[in-house]
Amino acid sequence: MRKRMTLLATVAVAALALAGCSGSDSGTTGSTDAGSSPSGAPFEVAKTVDLTGSPTFDAMTERGSVKVGVKEDQPGLGYLDAATGERTGFDIEIARWIAASLGFSEDQIEFIAIPSANREAAIVNGDIDYYVGTYSITDKRKEQVDFAGPYFETGQGLLVASDNTDIKSENDLAGKTVCSATGSTPIQNIRDNFPDTKTVEFDTYSQCVDALKDGSVDAVTTDAAILIGYAAQEPDALKVVGEPFTVEKYGVGLPKGDEALRTFINEMFTNGGETWTAIYDSTLGQSGTSVEQPAVDQY
């Protein structure tokens, strides 16, 4: 039986896994490319796909390709190496798994970097077929888009300068300036629940990290697994403090009302536990420690 870890233990696993990530953050948006999956991926391209009633799948089939919205500045989750052009991370492999299950090979995948604030618009406007990029499932977002999953759980954390002794947890944010991505769940949580805290927003988290390093802000907040990736890259300059103070469930963003596609992906997650574990172990779980795959919410 696989050992179920606490949320804090999950974050610790991510720290160990992400410590091996290197390279500078690209921080770019709107770029596209045809991804190249690593050899030995734990999934194969489906030969025959029976998926009726999905306008999104019909559009993919007619086009002969899949357009996937992703992040590319989050080490261990969704990262683009500017030097090699290689995309890596847990979310990237989840996106590749979905495409393969729908019958699309690697050279038929087009990855499109979408900032947090533009995710709903990109899905609603048909700019992408689905989105996989630390996309927290919320009731407000469900008003515009649907979600398959969740496929991962984490929690909101805080990143500060390594020499910062004033901020030890979310209880120390009064009078401080905190940065996060525009349109993200964490920045809204700060506004709603920490009224004495100032907020700054940028399109990408890497811009927030730059602002933290130059002293423009006191802390960066987003999901702890993401923050640990940045701290692991620059341990002399950055550190994560406190424990996660929310629970965030990552889902695959889909066009509203495409129940057939949502059901298909949920069944893929439900029936593909071994594949999910293999993907996790090769990305966030490189330390060798495991977490349980969350159960999907077939709403």
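Note that the structure is a prediction, hence the values are computed from the model and not measured. (Residues numbered from 1 in each chain as written. Predicted model: local features only at pLDDT ≥ 70, side-chain atom pairs only at ≥ 80, totals over all residues. Heavy atoms only, no water.)

Novice: I tried to follow the packing of helix α3 (residues 90-101) against helix α9 (residues 259-271) on my own but got confused; where do I start?
Specialist: In a pair of packed helices, the angle between the axes and the distance between the axes together describe the arrangement. Their axes nearest at 11 Å, the elements α3 and α9 cross at an angle of 110°. Classified by the interaxial angle, the pair formed by α3 and α9 is roughly perpendicular. As for how α3 packs across α9, the hand of that crossing is right-handed. In this structure, α3 contributes Ile-94, Trp-97, Ile-98 and Ser-101 to the contact, and α9 contributes Phe-264, Ile-265, Met-268 and Phe-269. Tallied by class, the residues present in the contact of α3 with α9 amount to seven nonpolar, one polar and no charged. (Axes fitted to C-alpha atoms, helices over the stretch in contact; angles between N-to-C directions. Helix = DSSP H or I, 4+ residues; strand = E, 2+ residues; numbered from the N terminus. Parallel < 35°, antiparallel > 145°, perpendicular 65-115°, else oblique. Left-handed = near helix turned anticlockwise from the far one by under 90°. Contact = heavy atoms within 4.5 Å. Nonpolar A, V, L, I, M, F, W, Y, C, P; charged D, E, K, R; others polar.)

Novice: Just checking my understanding: could you explain the packing of α3 against helix α10 (residues 273-282) for this structure?
Specialist: Close contact between α3 and α10 brings their axes to 9 Å; oriented N to C, the two are set at 150°. The hand of the α3/α10 crossing is right-handed. When α3 is examined against α10, the residues Phe-90, Glu-93, Ile-94 and Trp-97 are found in contact with a partner set consisting of Thr-275, Trp-276, Ile-279 and Tyr-280. Split by residue class, the contact of α3 with α10 holds six nonpolar, one polar and one charged.

Novice: What's the story with the state of the cysteines in this structure? I'm lost.
Specialist: The bond known as a disulfide is covalent and runs between the sulfur atoms of two cysteines. On inspection of all chains with the given rule, the structure shows one disulfide. Each sulfur in the disulfide pair Cys-179 and Cys-208 lies 2.1 Å from the other. Here Cys-179 and Cys-208 share a disulfide; its torsion about the S-S bond, -65°, makes the bridge left-handed. Here Cys-179, found in strand β10 (residues 177-181), pairs with Cys-208, found in helix α7 (residues 205-213); they are 29 residues apart in sequence, far enough to count as distant. (Disulfide = S-S within 2.5 Å.)

By themselves, these figures tell us nothing about what the structure is for.
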